[in-house]
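# Coordinate inspection notes
What follows is each chain in one-letter form.
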Amino acid sequence: MSTTVNNYQRVHSAPEHSRNTSGVEADDAIELRPASDIEAEVVNAFDIESFSDFSLSLKHPQKNIPDPSDTAQIRLLTSDVVRHEKKKTFFTRRFSGWRGGICLNATFAGVVFFINTIILIWATVKFEFTDGLAVVFSGDCGKAEALSLVAHLFINILSTVLLGASSYAMQVASSPSRADIDRAHREQKWLDIGVFSFRNFKWISKYRLTAYSLLLLSSIPLHFLYNSVISSSLATLKETAILYVTPQYLNNTAEYTAPFWDDAVMVKVRTQATQGQLKHIGIEECNKIITTILQSKYESVVFVQDSISYGNSTTLINAGYDGQDLEFSPMYKPSDCWASPSTAKCELFFNSTLMICIIIANIVKCAIMVIMVWRFTQPSLVTRGDAIASFLAIDDSTTVGLRGIEKRRGSKAQWVFRETMVYVPSQKRWYSAPSRLKWGFSITVCILFVATAAGMLALGLFDIGLNLNPGTVNADKVTSWSILSLGFNKPSLLATILINGDPVIVPQGQNPFRLVLLANTPQLVLSVGYLLINNLLTDMLGAWEWSKIGQTKTKLRTTSPQGQQRSTYFLQLPYTYAVLLMVIMTAMHYLLSASLFVVDIVTFKFGDNGYLIVDESGDGVQGWLLNFSPLAIIFVLCVSILLIALPIILSLFKLQPGIPMVGSSSAFISAACHPPPGEGDAGLLPVQWGVVNTTIDPKTGVGTCSISSGEVSAPIEGQLYR
């Protein structure tokens, strides 16, 4: 049979693999075989990395491997391999297949690194830093909120790109080679194909395990620090001026006579009124302002009351201040209301310390990916298609007749072998692909995450009640509009996390690093949930892809395609699901960053000239606090429920009947790949599982069920098959 057009023969794997101690991946070294076994190297997991390795196998023969009788075929095979290798360019050898995927993702990581570095250099050159912090914007609070929103959306997009690139490389690094699988199978152990699994760590080479570990560890700073590179301040007003006036006060139709208690603030508000600088907001909005603790939007409100005069003033009825330590509520029923926008400035801070940590993690990821491309020479069986093609090319004798794995109490799991078995078809659904343990653990962790978010919302609302000033706002006034008024990712002293009844404060001018770690802990928990959901979807979609092989001729999806194999740019999930999941996770990471965040509280008061100044008296709350947004937490709850519902809904879909389910087990995938001799090129052609027609005994009707590129027929219920 030919691999492309060549006469390559399917061979059986040798009982023991030699080690190549000169390369980076010793455990992944090729087998040292005589010329009789040379075709195993040709078809072994899709690629010969270098012809020198091929030549090496000719010089170090193993014993007890039969030589083929057709020596002319060996000479033809050797010349074909030489021509094949000469046709390969340097670019093709180094940047095709899974290496091409890692190169693409390394490029993405490099772009993120470039953007992060440019931002750090720009901030360092343009702004002055104190303890790693620099004010990059100071001005209108509404504009500061908008800039913070855009910055955090941008950060979460970059974070998702970088984590996605790292995830691709981690999947390749944790995937076993054929040599790893052969060693495991000889000890009746199986490895996972196409999904993340701790099971593989014992068997993969130490270089791959090190690469995986570094990629994993370098992801932690992204979860804990990235969203806090940009933080903001909350400008709160220690007091708000409240005026009750006549309509003449606004249109200047009557001469203003200041009362005896008039001060600079009253003069300032009067000037704003006569110059048209007050903003009309209405009675309802003004009432919200004076019932909001330490609001920062308006510094004074002006209620309009018809035909009432007070003292010696024809326009000003009454006035006072409403703030932390005092309350002003005159018994008047106004007809309209105006307000003076606050001149207090909000600030955005850039944390260079955190950005440097992010850039270091970014460099580690890029370096590991480059090393994987240049030094990892042996192919990994990343997808089920990779494994099928490898097992069809090189027969795995350890799984011939494997029917199940038996686990008895107090003993090791034993593989169960039978020469024949009765075929009993069953209609399964997607939920049968992941194990019950995986379902239970994954859904339990995700439900605990949702329960934690719900508990956080409840405790947050309770803290709001504790933060309310007695006599100004009561707990029963915190209605739905009050939660909405706290805003989305909007700092508020009212929504401050309390520990033992008191806020955790880091003094102004210091780096709030410990608060940053605390605020971003949920990000790490979310990523664990993402991996669990991703694994469930990968198992189910892998089972769906596997079930199609039992229905029709299918081209194998491999990371290094040859022949009629299909290339794959995704390793686990099809783009439809992968993109959807990435969009949901980007939204979730942003929503979490908006739910719990660090904010700098700056309190303003009226100065002697009537204008706002920073209150340096030490009264009230000043410094870095941990803030939360009840509205954002509600969104987190909704999206989390959607994320949990996704695999549950998909699990109800039906799989194609016919081929037995194997999950991600390398042993059962191998057991389904034992076609008759002469199908060495089967993995390069469209394949289908069924009863191989050429193996059916005309007397007994017993045939072999296998994945094959030849003609197959559907097995009959109740019939014996090998």
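These numbers were taken from a predicted model, which means no experiment stands behind them.

### Digging into the state of the cysteines
Here the structure, examined in full by the defined rule, presents two disulfides. Across the disulfide from Cys286 sits Cys337; the S-S distance is 1.8 Å. With the S-S dihedral at roughly -90 degrees, the linkage between Cys286 and Cys337 falls on the left-handed side. With a gap of 51 residues between them, Cys286 in helix H12 (residues 282-290) and Cys337 in strand S8 (residues 336-341) connect regions that are remote in the sequence.

### Regarding helix H7 (residues 178-186)
Because each turn of an α-helix spans 3.6 residues, side chains separated by three or four positions in sequence point in the same direction. Most of H7 sits inside the fold, with eight of its nine residues counted as buried. Every buried residue belonging to H7 is among Arg178, Ala179, Asp180, Ile181, Asp182, Arg183, Ala184 and His185, and all of these are buried. Tucked into the core, H7 has its buried residues touching helix H14 (384-393), strand S10 (394-395), strand S12 (414-417) and helix H20 (666-671). Gln188 occupies a position one or two residues after H7 and carries a positive phi of about 55 degrees.

### Some words on the environment of Ala173
Tracing the sequence through the fold places Ala173 in helix H6 (residues 141-174). Ala173 sits in the buried class, given a relative accessible area of 0%. If sequence neighbours within four positions are ignored, Ala173 has contacts with Ile204, Arg208, Ala211, Tyr212 and Met372.

### Re H6
Helix length check: H6 (34 residues) gives 48 Å between terminal C-alpha atoms against 50 Å at 1.5 Å per residue, within 8%. In this structure Asp140 caps H6, since a side-chain oxygen of it lies 3.1 Å from the backbone nitrogen of Gly142.

### Observations concerning the packing of H6 against helix H18 (residues 575-595)
Running from amino to carboxyl end, H6 crosses H18 at an angle of 135 degrees, the nearest separation of the two axes being 9 Å. In terms of orientation, H6 and H18 fall into the oblique class. The two elements H6 and H18 meet at a crossing, and its hand is right-handed. The residues of H18 that touch H6, namely those facing Leu149, His152, Leu153, Asn156, Ile157 and Thr160, are Met582, Thr586, His589, Tyr590 and Ser593. Among the residues forming the contact of H6 with H18, the class breakdown is five nonpolar, six polar and no charged.

### Looking at the sheet that holds strand S21 (residues 688-692)
Taken in spatial order, the three strands line up as S22-S21-S23 in an open sheet, and their pairing is antiparallel. Two strands close off the open sheet at either side, each with one partner strand: strand S22 (705-708) and strand S23 (712-713). Relative to S23, S21 is paired through two bridges, and the arrangement is antiparallel. Paired with Val692 across the two strands is Val712, which belongs to S23.

### Brief notes about a nonpolar patch on the surface
On the surface, Leu104, Phe108, Ile157 and Val161 cluster together into a nonpolar patch covering about 330 Å² of accessible area. For Val161, the location among the structural elements is in helix H6. A relative accessible area of 31% means that Val161 is categorised as partly exposed.

### A look at the packing of aromatic side chains
Enumeration according to the criterion identifies 13 aromatic pairs in this entry. A centroid spacing of 4.9 Å and a plane angle of 20 degrees characterise the contact between Tyr244 and Phe303, whose relative ring orientation is stacked. Separated by 59 residues along the polypeptide, Tyr244 in strand S4 (residues 239-245) and Phe303 in strand S6 (residues 298-304) bring together distant segments of the chain. Ring centres of Trp430 and Trp544 lie 6.4 Å apart, and the angle between their planes is 45 degrees; on these two criteria the pair is classed as tilted. Separated by 114 residues along the polypeptide, Trp430 in the loop between strand S13 (421-422) and helix H15 (436-467) and Trp544 in helix H17 (residues 513-549) bring together distant segments of the chain. Here a set of aromatic residues connected by ring pairs shows up, and it is made of Phe196, Phe198, Phe201 and Tyr212. Positioned above the aromatic ring of Trp190 is the side chain of Arg199, whose terminal nitrogen or guanidinium carbon lies 3.6 Å from the ring centre. One Lys or Arg, Lys548, reaches over the ring of Trp544 and ends 4.3 Å from the middle of that ring.

### What to know about the packing of H18 against helix H19 (residues 630-650)
Interhelical geometry of H18 versus H19 gives an angle of 155 degrees and a closest axis separation of 8 Å. Here H18 lies roughly antiparallel to H19, going by the angle between them. The two elements H18 and H19 cross, and the hand of that crossing is left-handed. Residues Tyr577, Leu580, Leu581, Ile584, Met585, Met588, Leu591, Leu592, Ala594 and Ser595 of H18 touch H19, and the partners they reach there are Ala632, Ile633, Phe635, Val636, Val639, Ser640, Leu643, Leu646 and Leu650. By residue class, the composition of the contact of H18 with H19 is 17 nonpolar, two polar and no charged.

### Section: the pattern of salt bridges
Pairs can form between side chains of opposite charge whenever their charged atoms are close. Enumeration according to the criterion identifies seven salt bridges in this entry. With its nearest N and O atoms 2.5 Å apart, the salt bridge here joins Lys268 to Glu299. With Lys268 in helix H11 (residues 264-274) and Glu299 in strand S6, this residue pair connects regions lying 31 residues apart in the sequence. What makes Lys268 buried here is its relative accessible area of 8%. Take Glu299: its relative accessible area is 1%, and that puts it in the buried class. Here Lys438 and Asp539 are joined by a salt bridge, their closest N and O atoms 2.7 Å apart. Highlighted residues: Lys438 in helix H15 and Asp539 in helix H17, separated in sequence by 101 residues. Assessed through its relative accessible area of 23%, Lys438 is described here as partly exposed. Salt bridges sharing common partners tie together Glu545, Arg557 and Arg566.

### Digging into the nonpolar core
Formed by 89 residues in total, the largest nonpolar core has its most connected members in Ile102, Tyr226, Met372 and Leu537. Setting aside chain neighbours within four positions, we find Tyr226 in contact with Val112, Asn116, Ile155, Leu158, Ser159, Pro221 and Ile358. The next biggest cluster of nonpolar side chains, apart from the first, holds 27 residues, and it includes Ile181, Ile659, Cys673 and Ile707.

### Examining the confidence of the model for the protein chain
Overall, the predicted model of the protein chain reaches an average pLDDT of 75, with 73% of residues at or above 70. Low pLDDT, under 50, characterises residues 1-86; the stretch is placed with 171 contacts to residues that sit more than four places away or in other chains. Note on residues 468-481: pLDDT under 50 across the span, and 20 contacts to partners over four residues away in sequence or across chains.

### Description of unusual backbone geometry
The backbone of Asp131 shows a phi angle near 55 degrees, a positive value even though the residue is not glycine. Turning to its location among the elements, Asp131 is positioned in the loop between helix H5 (98-126) and strand S2 (133-139). Unlike most non-glycine residues, Gln188 shows phi in positive territory, near 55 degrees.

So, how was this worked out
- Residues numbered from 1 in each chain as written.
- Predicted model: local features only at pLDDT ≥ 70, side-chain atom pairs only at ≥ 80, totals over all residues.
- Heavy atoms only, no water.
- Disulfide = S-S within 2.5 Å.
- Helix = DSSP H or I, 4+ residues; strand = E, 2+ residues; numbered from the N terminus.
- Buried < 20%, exposed > 50% of the residue type's maximum accessible area, 1.4 Å probe, protein only.
- Contact = heavy atoms within 4.5 Å.
- Expected span 1.5 Å × (residues − 1).
- Polar contact = N/O pair within 3.5 Å; in protein donor to acceptor, adjacent residues only side chain to side chain.
- Axes fitted to C-alpha atoms, helices over the stretch in contact; angles between N-to-C directions.
- Parallel < 35°, antiparallel > 145°, perpendicular 65-115°, else oblique.
- Left-handed = near helix turned anticlockwise from the far one by under 90°.
- Nonpolar A, V, L, I, M, F, W, Y, C, P; charged D, E, K, R; others polar.
- Pairing = 2+ DSSP bridges.
- Patch = residues over 30% accessible without salt bridge, like charges linked within 9 Å, V, L, I, M, F, W, Y side chains within 5 Å.
- Areas by Shrake-Rupley, 256 points an atom, 1.4 Å probe, with all protein chains shown as cover.
- Salt bridge = Lys/Arg side-chain N within 4 Å of Asp/Glu carboxyl O.
- Phe/Tyr/Trp six-rings, centres within 6.5 Å; stacked < 30°, edge-to-face > 60°.
- Lys NZ or Arg CZ within 6 Å of the ring centre and 35° of its normal.
- Core = buried A, V, L, I, M, F, W, Y, C linked by side-chain atoms within 4.5 Å.
- pLDDT = per-residue confidence, 0-100.

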